[in-house]
Amino acid sequence: MKEIVLRLLKERSPEYVSGEEICRLLNVTRTAVWKHIQALRESGYEIEARPRAGYTLTGIPDRLYPEEIRDGLSNRFLGRKIYYFDTVSTTNDKAKELARQGDGEGTLIVAEEQTGGKGRLGRKWFAPKYKGIWFSLILCPPVLPPEANQVTMLAAVAVASAIKKETGIEAGIKWPNDLLVGSKKICGILTELSAEMERINYLVAGIGINVNQDETDFPEELRESAASLKNESKRKIDRVRLIQTTLAEFERWYGTWLEQGFAPVLARWKEMSVSLNCPVRISAPNNSWDGWAEDIDGDGALLLRLPGGELKRVISGEVSLRLS
Ligand code: ADP
């Protein structure tokens with residue numbers, strides 16, 4: 001009901017909608033209408049009431065509310081079902097919990113803040129309130145478990161495309177899961193999997209995009225290595241539009257991947273990559289290799305040419321890559 005009232009106010013704005021009309025449309029009492037208006041105000045919507053004229057919407061809050069994300073989203077399945085949290089430990093943990101309880105393909109879990117955000121190797125991911133887009137998608141692709149990391153690469157392509165569309169900023173992809181602007185990280189992606197030998201039960205693609213942080217919003221130790229879209233473009237970015245475009249791009253690339261396989265995704269990934277045909281250092285917990293990032297194979301593994309000429313195949317699991 002609240003969503004219907006909101007939609008009506010949005011459609012008519014800047015005109016006023018009379019309380020009477022809302023009563024009639026929703027078939028409720030004046031008191032009920034007043035309660036919905038109050039609830040919207042408590043969510044941060046600015047609504048002016050004028051005697052005899054009714055209500056008009058004068059401001060929309062900077063929140064990733066499901067009703068805002070859905071409004072204008074033309075996706076077929078991705079992001080049709082949304083769970084929204086003001087604060088959460090991690091959206092990936094919530095997504096896994098919901099997937100275990102039966103939520104399926106395309107479910108979106110979004111939070112304004114994560115208090116326990118993590119990177120691939122368990123390192124802390126900084127996700128402050130209202131400043132970024134911190135979300136996870138539940139997917140159940142009909143592929144074998146080893147192919148799951150292709151979704152990470154697909155996600156990188158989708159997010160980079162959305163960022164370009166919404167802000168004009170060209171983010172580069174750093175293998176396997178980061179988006180960079182210049183040399184600074186603007187987005188991290190963490191894919192987690194529940195699978196059996198031959199089958200994926202569900203996959204959770206967690207994505208964190210730094211959107212409206214100012215430089216001073218980052219902890220000291222990240223200021224050299226992290227960027228936000230606001231900082232790069234010198235303007236505040238509409239988070240709702242960006243997540244909508246990201247969901248649209250994701251659904252499009254996911255469809256391409258399911259229909260045509262990994263090749264078109266990989267081709268686009270390579271075009272957007274900043275960690276190919278350049279010297280890199282690969283670090284594993286007890287070892288590291290310097291070499292030339294020569295190519296990505298059909299499974300998404302990095303092919304590293306070592307100084308002695310040998311070609312080393314690196315899978316993303318326990319390593320991190322540094323551009324040297
Ligand atoms: P990588 O895959 O690059 O090795 P992770 O995926 O493990 O790194 O991400 C965690 C790292 O990202 C942390 O060690 C930290 O340096 C950095 N980091 C944490 N939060 C942010 C953020 N919001 N923006 C950019 N970088 C961040």
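Coordinates for the structure precede this section.
First, a word on scope: everything that follows refers to the structure included in this document.

Quick notes on the rules
For every chain, the first residue of the written sequence is number 1, and numbering continues from 1 onward in sequence order. Where local features are concerned, this predicted model is filtered to residues with pLDDT of at least 70; where side-chain atom pairs are given and counted, the filter is 80 or more; whole-chain, interface and lining totals use all residues. Computation of side-chain values: all heavy atoms of the structure, hydrogens and water removed. Categorising residues by exposure relies on relative accessible area from a 1.4 Å probe, with only protein chains included: less than 20% of the type maximum marks a residue as buried, more than 50% marks it as exposed, and the intermediate range marks it as partly exposed. Strands are runs of DSSP state E lasting at least two residues, helices are runs of H or I lasting at least four, and both sets are numbered from the N terminus onward. One bridge is not enough; two strands pair if DSSP finds at least two bridges between them. Between N-to-C directions, angles cover 0 to 180 degrees, with each direction set by a line fitted to C-alpha atoms, over the stretch in contact for helices. For the purposes of this section, nonpolar cores are sets of buried Ala, Val, Leu, Ile, Met, Phe, Trp, Tyr and Cys residues that join through side-chain atoms within 4.5 Å. The contact definition used throughout considers only heavy atoms, calling two residues in contact when any of these lie within 4.5 Å.

### So, the pairing of strand β2 (residues 54-59)
(1) Moving on: Judged by how many residues are buried, β2 sits mostly within the fold: five of six residues are covered.
(2) Moving on: In the sheet, strand β1 (residues 46-50) pairs with β2 via five bridges, with the strands oriented antiparallel. The residue of β2 that forms the bridge with Ala49 is Tyr55.
(3) Moving on: Linkage of β1 to β2, two consecutive antiparallel strands, is achieved through a turn of three residues, within which Arg52 is found at a positive phi near 70°.

### A closer look at the sheet that holds strand β12 (residues 302-305)
(1) Moving on: Strand order in the open sheet formed by five strands is β13-β12-β11-β10-β14, with antiparallel pairing between adjacent strands. Looking along the sheet, the strands with just one partner apiece sit at the ends: β13 (311-314) and β14 (320-323). Pairwise comparison of adjacent strand axes, ignoring direction, gives a mean angle of 45° for this sheet.
(2) Moving on: Bridge count for strand β10 (residues 279-284) against β14 is four bridges, and the pairing is antiparallel. Considered in β14, the bridge of Ser283 is made with Ser320.

### A closer look at the nonpolar core
(1) Moving on: Counting 68 residues, the largest nonpolar core has Phe135, Trp175, Leu179, Ile209 and Phe250 as the members making the most contacts within it.
(2) Moving on: The leading source of residues in this core is helix α6 (residues 149-167), at eleven residues.
(3) Moving on: Residues contacting Phe250, with those up to four places away along its chain left out, are Leu78, Leu137, Leu139, Val151, Leu154, Ala155, Ala158, Ala205 and Ile207.
(4) Moving on: Core analysis: the next-biggest nonpolar cluster, separate from the first, contains 16 residues, Leu26, Ile37, Leu40 and Leu57 among them.

### A look at the sheet that holds strand β9 (residues 200-210)
(1) Moving on: Spatial ordering of the open sheet is given by β3-β4-β5-β9-β8-β7-β6, a layout of seven strands whose pairing is mixed. Lying at the two open borders of the sheet, with one neighbouring strand each, are β3 (82-85) and β6 (172-174). Taking each pair of neighbouring strands and ignoring which way they run, the sheet shows an average axis angle of 20°.
(2) Moving on: Examined bridge by bridge, strand β8 (residues 184-195) and β9 share nine bridges and lie antiparallel to one another. Of the residues in β9, the one forming a bridge with Leu193 is Leu203.
(3) Moving on: Against the sheet, α6 contacts β5 (132-139), β6, β7 (178-181), β8 and β9, and its axis sits at roughly 145° relative to β8.
(4) Moving on: Relative to the sheet, helix α8 (residues 239-260) contacts β4 (108-111), β5 and β9, its axis offset from that of β5 by approximately 30°.

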